[in-house]
Amino acid sequence: WEIEVSAMRRPAAGVITHVGTVISGRPKVGDKAAAEVDAARRHDIMRNHTATHLLHKALQETLGDQAKQAGSLVAPTHLRFDFNHPVAMTPEQVERVERMVNEAVAADLLVQKETKSLDEAKKEGAMALFGEKYGETVRTISIMEDDHDKYSYELCGGTHLERTSDVGAFVIVSEGSVAANVRRIEAVTGRGAYRLMAQRNKALNQAASALKVAVDEVPAKVEDLQDEVSELKKELAELRARQALAAFDLQLSNVQTVKDVHVLAVDIPDSNAEALRMLADKFREKYPVGGAVVLSTGNILAGGSQSGRQRRRTSQHGAGKPAPRADSGGVLQTGEGAVRKIEVRRWGRKNFPRLRQKSESSTFGFFFSK
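Residues numbered from 1 in each chain as written. Predicted model: local features only at pLDDT ≥ 70, side-chain atom pairs only at ≥ 80, totals over all residues. Heavy atoms only, no water.

Chemist: Looking at this structure, I do not really get the overall build of the chain. What am I missing?
Modeler: Broken down by element type, the chain carries 7 helices and 16 strands. The buried share of the chain, taken over its 370 residues, is 35%. Restricting the contact set of the chain to residue pairs at least 6 apart, pairs at least 24 apart contribute 62%. (Helix = DSSP H or I, 4+ residues; strand = E, 2+ residues; numbered from the N terminus. Buried < 20%, exposed > 50% of the residue type's maximum accessible area, 1.4 Å probe, protein only. Contact = heavy atoms within 4.5 Å.)

Below, the structure written as structure tokens:
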């Protein structure tokens, strides 16, 4: 029979269990087993585990001693490290931590494993995880700067490299929040780091090719394009404002008078809320007293697809707002769509401020001058 082991558990101090899936045969209690290790997978795990210790050290050097481990995952493909810290790391801090780990990797430091009593390890300053249960005898991992000085010293029962240079390369993939005062870093090493850098290099080369510039000129080119897009958006907004104003000027000839109130309802396609406010101001200039205008950026005045309930709410009070008390009024028919009728009343601007209803396709505004 054969069992593929997928996980290891420590249900109690000194007890190790394995979790796996039966691939073939029928194992029975009492059967003898020969354990075989997937060497490539194990080495990937060792890289990520030793790199985790280097990362922990670099974080404390960069952020302070409060950056203690709050959880971790060491997998063949990547590592994940949670640590105590109240705010997001700055890009400069992330860069410094990544650089420090890679410098320790390049220094080819010795990784020393020892077994000793828990009391002895604590007296020597070994870092223990808060809340972790340890037996009387523990395993320590020392990453040595030289024959006497330790770069990192932690209690750890996991599998590790012989020297830090075997990590190969260390790349931080992300840094973010997972809980209050707890941050998380995800990173890759060795083969995973190579794959990530190859993917990024390919994407960068594709971007350079599309932009028709050299790779090192991509950031400057992107910045130039962003400035150009920003300027074009500004020009487009100005053009649309002029078009909206021209269209509105034509519609002013369609003003109706209802109960001594000058009323206009008009769609201004491809406009926005700011343009509606500008047009409403223009309407008030022409009709400073007794004027009401209904504006839309979509096609809701000529026809739309809102529900009957939405139509009733919008038509009665404008964007679902309760109507103030009215002196007198009348009704303006504006189409068969979302806004089927507007009840025009003598509401003062103080009582009826500017309203707008924004949906996926339109902005609706009701403006009134007393």
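Chemist: Explanation requested: the pairing of strand β3 (residues 69-74) in the structure shown.
Modeler: When a strand is regular, its side chains alternate between the sheet's two faces. As defined by bridge partners, β3 adjoins strand β4 (residues 79-84) across 5 bridges and the pair is classed as antiparallel. Directly across from Q69, in β4, lies its bridge partner F83. Between β3 and β4, which pair antiparallel in sequence order, lie 4 residues. (Pairing = 2+ DSSP bridges.)

Chemist: Even after reading the chapter, I still don't get helix α5 (residues 218-251), so can you show me in this structure?
Modeler: Owing to its 3.6 residues per turn, the α-helix aligns residues three or four sequence positions apart on the same side. The terminal C-alpha atoms of α5 lie 48 Å apart, and with 34 residues this matches the ideal 50 Å at 1.5 Å per residue to within 8%. Buried within α5 are the following residues: V218, A244 and F248. Along its buried surface, α5 packs onto α4 (190-211), β11 (261-267), α6 (273-286) and β12 (291-296). (Expected span 1.5 Å × (residues − 1).)

Chemist: What is the right way to look at the nonpolar core in this model?
Modeler: The nonpolar side chains of soluble globular proteins are, as a tendency, buried together. Ranked by internal contacts, the top residues of the largest apolar core, which has 30 residues, are L55, L59, F83, M89 and F170. For this core, the secondary structure elements donating two or more residues are α1 (39-63), β4, α2 (91-106), β6 (137-144), β8 (170-179) and β9 (182-189). Per-element tally for this core: the top contributor is α1, with 7 residues. Aside from chain neighbours lying at most four places away, what touches L55 is L79, F81, V97, V101, F170 and I185. Core analysis: the second largest hydrophobic core is formed by 14 residues, A244, L252, I268 and L276 among them. (Core = buried A, V, L, I, M, F, W, Y, C linked by side-chain atoms within 4.5 Å.)

Chemist: Can you walk me through α1 in this structure?
Modeler: Relative to the 36 Å expected for 25 residues at 1.5 Å per residue, α1 spans 36 Å between its end C-alpha atoms, a close match to the ideal helical length. Within α1, 18 of the 25 residues are buried, leaving the element largely enclosed by the surrounding structure.

Chemist: Can you help me understand the pairing of β4 in this one?
Modeler: Here 6 bridges tie β4 to β9, and the two strands are oriented antiparallel to one another. When the bridges of β9 are listed, R80 appears paired with E186.

Chemist: Just checking my understanding: could you explain the environment of G157 for this structure?
Modeler: Tracing the backbone shows G157 in the loop between β7 (150-155) and β8. G157 sits in the partly exposed class, given a relative accessible area of 49%. For the pair G157 and I141, spaced 16 residues apart in the sequence, the C-alpha separation amounts to 8.3 Å. Not counting residues within four places of it along the chain, the set of residues in contact with G157 comprises R10 and R139.

Chemist: When you look at the environment of D146 in this model, what are you seeing that I'm missing?
Modeler: Within the secondary structure, D146 is located in the loop between β6 and β7. Residues D146 and L110 lie 36 residues apart in sequence; the distance between their C-alpha atoms is 8.1 Å. Looking at D146, its side chain comes within polar contact range of the main-chain nitrogen of H148, at 2.8 Å. Within polar-contact distance, the side chain of D146 engages the backbone nitrogen of D149 at 2.6 Å. (Polar contact = N/O pair within 3.5 Å; in protein donor to acceptor, adjacent residues only side chain to side chain.)

Chemist: What should I look at first to understand the sheet that holds β6 in this one?
Modeler: The pairing of strands in a sheet comes from backbone hydrogen bonds and takes either a parallel or an antiparallel form. Within the open sheet, the 3 strands sit side by side as β5-β6-β7. Their pairing is antiparallel. Edge positions in the sheet fall to β5 (110-117) and β7, since each of these pairs with one other strand and no more. The average angle at which neighbouring strand axes cross in this sheet is 20 degrees, direction not considered. Those strands touched by α1 are β5, β6 and β7, and its axis lies near 110 degrees from that of β7. (Axes fitted to C-alpha atoms, helices over the stretch in contact; angles between N-to-C directions.)

Chemist: Help me understand unusual backbone geometry in this model?
Modeler: The bulk of non-glycine residues show a negative phi, and the bulk of peptide bonds are trans. In this structure, N181 takes a positive phi of about 65 degrees despite not being glycine. The topology assignment puts N181 in the loop between β8 and β9. With relative accessibility at 48%, the residue N181 sits in the partly exposed group. The phi dihedral of K212 falls on the positive side, at around 60 degrees, and the residue is not glycine. One can find K212 in the loop between α4 and α5.

Chemist: How do you make sense of the sheet that holds β8 when you look at a structure like this?
Modeler: Judged by pairing direction, the sheet is antiparallel, and its 4 strands sit side by side in the order β3-β4-β9-β8 without closing on themselves. Each edge of the sheet is formed by a strand with only one pairing partner; in this case those strands are β3 and β8. The average angle at which neighbouring strand axes cross in this sheet is 15 degrees, direction not considered. Looking at chain direction, β8 and β9 are connected through 8 bridges and run antiparallel. Opposite S174, over in β9, you have E186 as the bridge partner. Sitting on the sheet, α1 is in contact with β3, β4, β8 and β9, with an inclination near 25 degrees to β4.

Chemist: It is not clear to me how the packing of aromatic side chains should be interpreted in this structure. Could you clarify?
Modeler: The relative placement of two aromatic rings is captured by the distance of their centres and the angle of their planes. Scanning the entire structure with this criterion turns up 2 aromatic pairs. An angle of 20 degrees between the planes, with centres 6.3 Å apart, marks the rings of F81 and F83 as stacked. Between the aromatic rings of F283 and Y287, the centroid separation amounts to 5.0 Å while the plane-to-plane angle is 45 degrees, which identifies the pairing as tilted. The same class applies to F283 as to Y287, namely buried. Lying across the ring of Y151, K57 places its NZ or CZ 5.8 Å from the centre. (Phe/Tyr/Trp six-rings, centres within 6.5 Å; stacked < 30°, edge-to-face > 60°. Lys NZ or Arg CZ within 6 Å of the ring centre and 35° of its normal.)

So far we have only geometry, and geometry alone does not tell us how the molecule works.
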